[in-house]
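# Architecture and fold: a report
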Amino acid sequence: MVTFRCGHCAQRLTAIDEKSGTVLTCPSCDEPVRIPSAFTPEQTEPLALIARPAVEFLPGSDPWLAELAQRLRSRLVDGLLTQRRQLIQTQDTGTIQLTEFEQRIAQLQKLHRERIQELKLRLDARESEIRRLRRQKAALLVELESRSSPETRLTAELRDAGLLLRA
Ligand SMILES: [Zn+2]
């Protein structure tokens, strides 16, 4: 016997194994329902239903049938647990990849910051060197100005004007 639920109204239905795969009209809601194969009801019903005692699926006192249902259920639960483990592993792999990616981004950001800091320091050093040279130049000009006497200034002016032929 195949026990299953109507996909439209969830009515619990029963059919003989030979009817598996055929379509019947649900006596409860008059909608067409495909009769699943003998093992399908357990596989398609939610986990909570699977966890119910085997006797509920196979009413009767036949211990062989009860044991078979028990075996099928545990096989199904094993399958679901394996699937769950695989899903968790996939998720873990994804999480690890994401973490590695984030670490790489953080590393690149750090390198970038260090590079900028280094460039800024070099720029600061260059600017202070320029300031120092400007101060030196100003000091030299002042010194030159103070050194030149009125006499030498006159000589220079005459030379510049082309009036002095010999220095
Ligand atoms: Zn129905």
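Cut-offs used in this document
Residues numbered from 1 in each chain as written. Predicted model: local features only at pLDDT ≥ 70, side-chain atom pairs only at ≥ 80, totals over all residues. Helix = DSSP H or I, 4+ residues; strand = E, 2+ residues; numbered from the N terminus. Buried ≥ 20, exposed ≤ 12 C-beta atoms within 10 Å, placed from the backbone. pLDDT = per-residue confidence, 0-100. Contact = placed C-beta atoms within 7 Å. Expected span 1.5 Å × (residues − 1). Pairing = 2+ DSSP bridges.

## A closer look at the overall build of the chain
In terms of regular secondary structure, the chain is built from 5 helices and 4 strands. Across the chain, helices and strands are ordered from the amino to the carboxyl terminus as β-β-β-β-α-α-α-α-α. A burial count over the chain gives 4% of its 167 residues as buried.

## What about the confidence of the model for the chain?
Averaged over all residues, the pLDDT of the chain equals 80, while 83% of them reach at least 70. For the chain, helix H1 (residues 40-44) is the element with the lowest average pLDDT, namely 46, and strand S3 (residues 23-25) is the one with the highest, namely 92. Low pLDDT, under 50, characterises residues 40-44; the predicted model gives this stretch 12 contacts beyond four residues in sequence or across chains.

## Looking at helix H4 (residues 63-147)
Residue pairs three or four apart in sequence face the same way in an α-helix, which turns once every 3.6 residues. Taking 1.5 Å as the rise per residue, H4 with 85 residues should run 126 Å; its terminal C-alpha atoms sit 124 Å apart, in good agreement. Burial analysis of H4 places just 0 of its 85 residues in the buried class, a small minority of the element.

## Topic: the environment of Thr 22
Note that Thr 22 resides in the loop between strand S2 (12-15) and S3. The sequence separation of Thr 22 and Pro 36 amounts to 14 residues, and the corresponding C-alpha distance is 8.0 Å.

## Section: the pairing of strand S1 (residues 2-5)
Relative to S2, S1 is paired through 4 bridges, and the arrangement is antiparallel. Each residue of the ladder has a partner; that of Arg 5, found in S2, is Arg 12. Connecting S1 to the next strand, S2, in antiparallel fashion are 6 residues, including Ala 10 with a positive phi near 65°.

## Concerning the environment of Cys 6
With respect to the helices and strands, Cys 6 occurs in the loop between S1 and S2. C-alpha of Cys 6 to C-alpha of Ile 35: the two residues are 29 residues apart in sequence and 9.0 Å apart in space. In contact with Cys 6, other than residues within four places in its own chain, are Gln 11, Leu 13, Cys 26, Ser 28, Cys 29, Glu 31 and Val 33.

## Re unusual backbone geometry
Of note, Ala 10 is a non-glycine position whose phi angle comes to about 65°, a positive value. Ala 10 gets classed as exposed once you count the C-beta atoms within 10 Å, which come to 11.

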